[in-house]
Amino acid sequence: MARSLSDYKRITVKIGSALLVEKGRLKREWLESLADDLQALSEAGKEVLVVSSGSIALGRGVLGLPAGPLKLEQAQAAASVGQIALAQAYSEILGVRGLTAGQILLTLGDTEERRRYLNARETIGTLLKMGAVPIINENDSVATSEIRYGDNDRLGARVATMASADLLVLLSDVDGLYTAAPQTDPDAIFLPEVPQVTQEIEAMAGAPGTAFSSGGMKTKIDAAKIAQSAGTSMIIASGKTMNPLNAIENGARATWFPAPSSPSRARKTWISGHLKPHGTIQLDAGALKAVKAGKSLLPAGVTKVDGTFTRGDAVRIIDADGHDVGCGLVAYDYGEASLIIGRNSKEIEAIVGYPGRAEMVHTDDLVLSTSDLDNS
């Protein structure tokens, strides 16, 4: 498997609170060293995203809150203050290096509910296309215990898979996975690679390790399961050193979790095998030829839509004779889709009242049936 960051195109980096904040203060020198790494990756043509903890830890320092567990309302208040300070730091530090930071705050529902998931995915994708660095955190200022991730390892995995990143780097206070806790067991064995998360691997996971961390090895293993199943490889590495990404590139100890397939292939497997269609879209001959050639499905090539689908739902795609062509995620609700069939994409805004996507089904969200692949 690839063992170099340079082998990956889109990289998500997750940062734990303990790495970023100490005694309520931002570890600015460390963040600057990380920014140097992000700049180097960007200049090498890589797209980078950052999932950053730290808003509560930083906010409690600004507000002078005591150490120890916080009440929910105190944590939310600390997050609201810390988010501003954290965003400002990222903006300033990345800006000096010619990078633009874009802040995105997510709740659990934003990655679980289909419409909100698509909106977040589109925002992240657009920022990356524009050359910006999305800085993503859980929206702790409004999230309650019932709707929180509770740790940024799993959030990092969800964001990485949402963004179709091919690599997730979990920077932590540990340098990888061991057969037991190395701090207490001198016989603990380091594992350089985990091809698959088995029950034995899960049993090795430990408990949270620091006062500001709500995660632990268990949440990192959970993140690996999410990432690998979506075609995203993952690394657990130490972030204690300066320039931690450069250290990985130069062979620093880390545990690699290789993905068995690419994000695109894993996503298409999920679309074709796990989603129930909520309607059908019928194509004309020209559109059929285009999708078989790997193009997106445009409204101009659609002759009929049927069903009760909403944006982001799976739909069956059929040809003029009603034969199955494949399935995909539709970019419009049924009502809007029915208005724009057969129309040029340039007319969409005038018809639906907003500048929607040019595609009815984007090629990244479209899976052809096996028979059509064989006949194309």
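Now for a look at the structure at hand. (Residues numbered from 1 in each chain as written. Predicted model: local features only at pLDDT ≥ 70, side-chain atom pairs only at ≥ 80, totals over all residues. Heavy atoms only, no water.)

**Digging into the side chain of T255**
For clarity, the cut-off: Numbering of helices and strands runs from the N terminus, with a helix taken as a DSSP run of H or I at least four residues long and a strand as a DSSP run of E at least two residues long. Burial status follows relative accessibility: with a 1.4 Å probe on protein chains alone, a residue under 20% of its type maximum counts as buried, one over 50% as exposed, and anything between as partly exposed. For this analysis, a polar contact is any N or O atom pair within 3.5 Å, provided that within protein one partner can donate a hydrogen and the other can accept it, and provided that sequence-adjacent residues contribute only side-chain to side-chain pairs. Any two residues whose heavy atoms approach within 4.5 Å at even a single point are treated as in contact.
The residue T255 is located in strand β11 (residues 254-257) in this model. Here T255 falls in the buried class, since its relative accessible area comes to 0%. Among the polar contacts listed, one links the side chain of T255 to the backbone nitrogen of L177, at a separation of 2.8 Å. Ignoring any residue separated from it by four or fewer positions in sequence, one finds T255 in contact with D175, G176, L177, F190, L191, P192, E193, V194, M234, I235 and I236.

**Quick word on the sheet that holds strand β13 (residues 302-307)**
Threshold: In this scheme, strands are said to pair when DSSP sees at least two bridges between them. Between N-to-C directions, angles span 0 to 180 degrees; the directions come from axes that are lines fitted to C-alpha atoms, helices contributing only their stretch in contact.
What the 5 strands build is an open sheet, ordered β13-β12-β14-β15-β16; its pairing is mixed. Either end of the sheet is taken by a strand with one partner, and the two such strands are β13 and β16 (366-368). Across this sheet, the average inter-strand angle for adjacent strands is 20°, counted without regard to direction. Two strands pair when backbone bridges link them, and strand β12 (residues 279-283) and β13 are joined in this way by 5 bridges, in the antiparallel orientation. Each bridged residue has a counterpart across the sheet, and for T280 the counterpart in β13 is D306. Relative to the sheet, helix α12 (residues 285-292) contacts β12, β15 (324-329) and β16, its axis offset from that of β12 by approximately 105°.

**Notes on the packing of helix α6 (residues 114-129) against helix α7 (residues 152-162)**
Using the following cut-off: Working definition: roughly parallel below 35 degrees, roughly antiparallel above 145 degrees, roughly perpendicular at 65 to 115 degrees, and oblique for all remaining angles. Basically, the charged four are Asp, Glu, Lys and Arg, the nonpolar ten are Ala, Val, Leu, Ile, Met, Phe, Trp, Tyr, Cys and Pro, and anything else, Gly included, counts as polar.
Put simply, α6 and α7 touch, their axes get as near as 10 Å, and they point 75° apart. As the angle between them shows, α6 and α7 are arranged roughly perpendicular. Two secondary-structure elements touch here, α6 through Y117, A120, R121 and I124 and α7 through V159, T161 and M162. Across the contact of α6 with α7, the residue classes break down as 5 nonpolar, 1 polar and 1 charged.

**Digging into the packing of α7 against helix α9 (residues 217-229)**
Quick reminder of the rule: Handedness of a crossing follows from how the near helix is turned relative to the far one, being left-handed for an anticlockwise turn of less than a right angle and right-handed for a clockwise one.
In the contact formed by α7 and α9, the axes pass within 8 Å of each other and the chain directions differ by 15°. Here α9 runs roughly parallel to α7, going by the angle between their axes. By crossing handedness, the relation of α7 to α9 is classed as right-handed. Along the contact surface, α7 presents D153, R154, A157, R158 and T161, while α9 presents T219, K220, D222, A223, I226 and A227.

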